[in-house]
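Below are the chains, spelled out letter by letter.
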Amino acid sequence: MENRPVDIPESHFKDLLKYWNSDPHKEKKKEISDTSDTVSSKDMFVATRKRKLGQVYKSSYDNTISKIAKMERIQSSQESEDGSHSDDAFASVMGPEHPGRMRLYG
């Protein structure tokens with residue numbers, strides 16, 4: 001109770017703690033964590049940059065399309081070489097991470 005956010009009433013927070021500690025919630029959480037797959041950075045990049053057909057946009061999409069194509073080529077060459085999948089395609093196209101900066105934001 002000492003870490004309760006100030007804007008949440010104590011009675012509601014107690015109910016929430018009871019729910020988090022209940023067996024059905026723990027089973028549901030375990031089930032979700034067992035079935036959830038991790039999404040690669042490349043897949044996230046592609047999914048968040050989809051455009052709708054017929055929609056008019058202010059900026060060009062050519063740079064994004066070329067980056068996605070480069071990632072696809074790198075990933076397919078890696079899969080053909082060793083038969084496995086690697087997340088290095090995103091890092092090789094987008095460059096290294098910079099500490100203190102949020103990638104893909106803004």
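A quick note: this is a predicted structure, and the numbers were derived from the prediction, not measured.

Please provide a residue-by-residue account of the overall build of the protein chain, values included.
Of regular secondary structure, the protein chain possesses five helices and zero strands. Listed by position from the N terminus, the elements making up the protein chain come as α-α-α-α-α. The proportion of buried residues among the 106 residues of the protein chain is 13%. Sequence-distant contacts in the protein chain: of pairs separated by 6 or more residues, those separated by 24 or more amount to 23%. Looking at the protein chain as shown, the accessible area adds up to about 9,100 Å², and 52% of this sits on carbon and sulfur atoms.

Go over the nonpolar core with me, naming the residues and quoting the values.
The tendency in soluble globular proteins is for nonpolar side chains to be buried as a group. Counting five residues, the largest nonpolar core consists of F45, I68, M71, A89 and F90. When contributions to this core are tallied by element, the ones reaching two or more residues are helix 4 (62-82) and helix 5 (88-94). Excluding its chain neighbours within four sequence positions, the residues that come into contact with I68 are F45, V46 and Y61.

Account for the packing of aromatic side chains, naming residues and giving values.
What the rule picks out here adds up to one aromatic pair. The residue whose ring lies beneath R51 is Y57, and the NZ or CZ to ring-centre distance is 4.1 Å.

Let's hear about the confidence of the model for the protein chain: which residues, and what values?
Scored by pLDDT, the protein chain comes out at a mean of 81, with 85% of its residues at no less than 70. In the model of the protein chain, helix 2 (residues 23-35) stands out as the element of lowest mean pLDDT, 77, in contrast to helix 1 (residues 10-20), which has the highest, 90.

Kindly report on the pattern of salt bridges, identifying the contributing residues and their values.
Scanning the model with the defined rule gives three salt bridges in all. When the shortest N-O distance is used, the salt bridge between E10 and K14 registers 3.7 Å. Taken together, the residues span about one helical turn, with E10 and K14 both in helix 1 at a distance of four residues. Put simply, D43 and K42 hold a salt bridge, and the shortest N to O gap is 3.5 Å. Overall, the relative accessible area of 35% leaves D43 in the partly exposed class. Judged by its relative accessible area of 9%, K42 is buried. Bridged by salt links that share partners, the residues K42, D43 and E72 form one connected network.

Help me get a handle on the environment of K70, residues and values and all.
Topologically, K70 is positioned in helix 4. We classify K70 as partly exposed; its relative accessible area is 43%. With 23 residues separating them in the primary sequence, K70 and V93 have C-alpha atoms 6.9 Å apart.

Procedures and definitions
- For every chain, the first residue of its written sequence is number 1, and the numbers climb from 1 along that sequence.
- With pLDDT at 70 or above as the cut-off, local features in this predicted model cover only qualifying residues; side-chain atom pairs require 80 or more to be listed or tallied, and sums for whole chains, interfaces and linings still use all residues.
- Hydrogens and water are ignored here; the side-chain numbers use all heavy atoms of the structure.
- Here a strand is any run of E in DSSP of at least two residues, a helix any run of H or I of at least four, and the numbering for each starts at the N terminus.
- Throughout this description, buried means an accessible area under 20% of the type-specific maximum (1.4 Å probe, protein chains only), exposed means over 50%, and partly exposed covers the range between.
- Should any heavy atoms of two residues lie within 4.5 Å, those residues are considered in contact.
- Using the Shrake-Rupley algorithm and a 1.4 Å probe, accessible areas are obtained, with residue cover drawn only from the displayed protein chains.
- Put simply, buried Ala, Val, Leu, Ile, Met, Phe, Trp, Tyr and Cys residues joined by side-chain atoms within 4.5 Å make one nonpolar core.
- Within 6.5 Å between ring centres, the rings of Phe, Tyr and Trp (the latter by its six-membered ring) count as paired, and their orientation is classed by plane angle as stacked under 30 degrees, edge-to-face over 60, tilted in between.
- For a ring to carry a charge above it, either NZ of a lysine or CZ of an arginine must fall within 6 Å of the ring centroid while also lying within 35 degrees of the normal to the ring plane.
- For every residue, the predictor reports its confidence as pLDDT, a number between 0 and 100.
- Salt bridge, as applied in this entry: a Lys or Arg side-chain nitrogen positioned within 4 Å of an Asp or Glu carboxyl oxygen.

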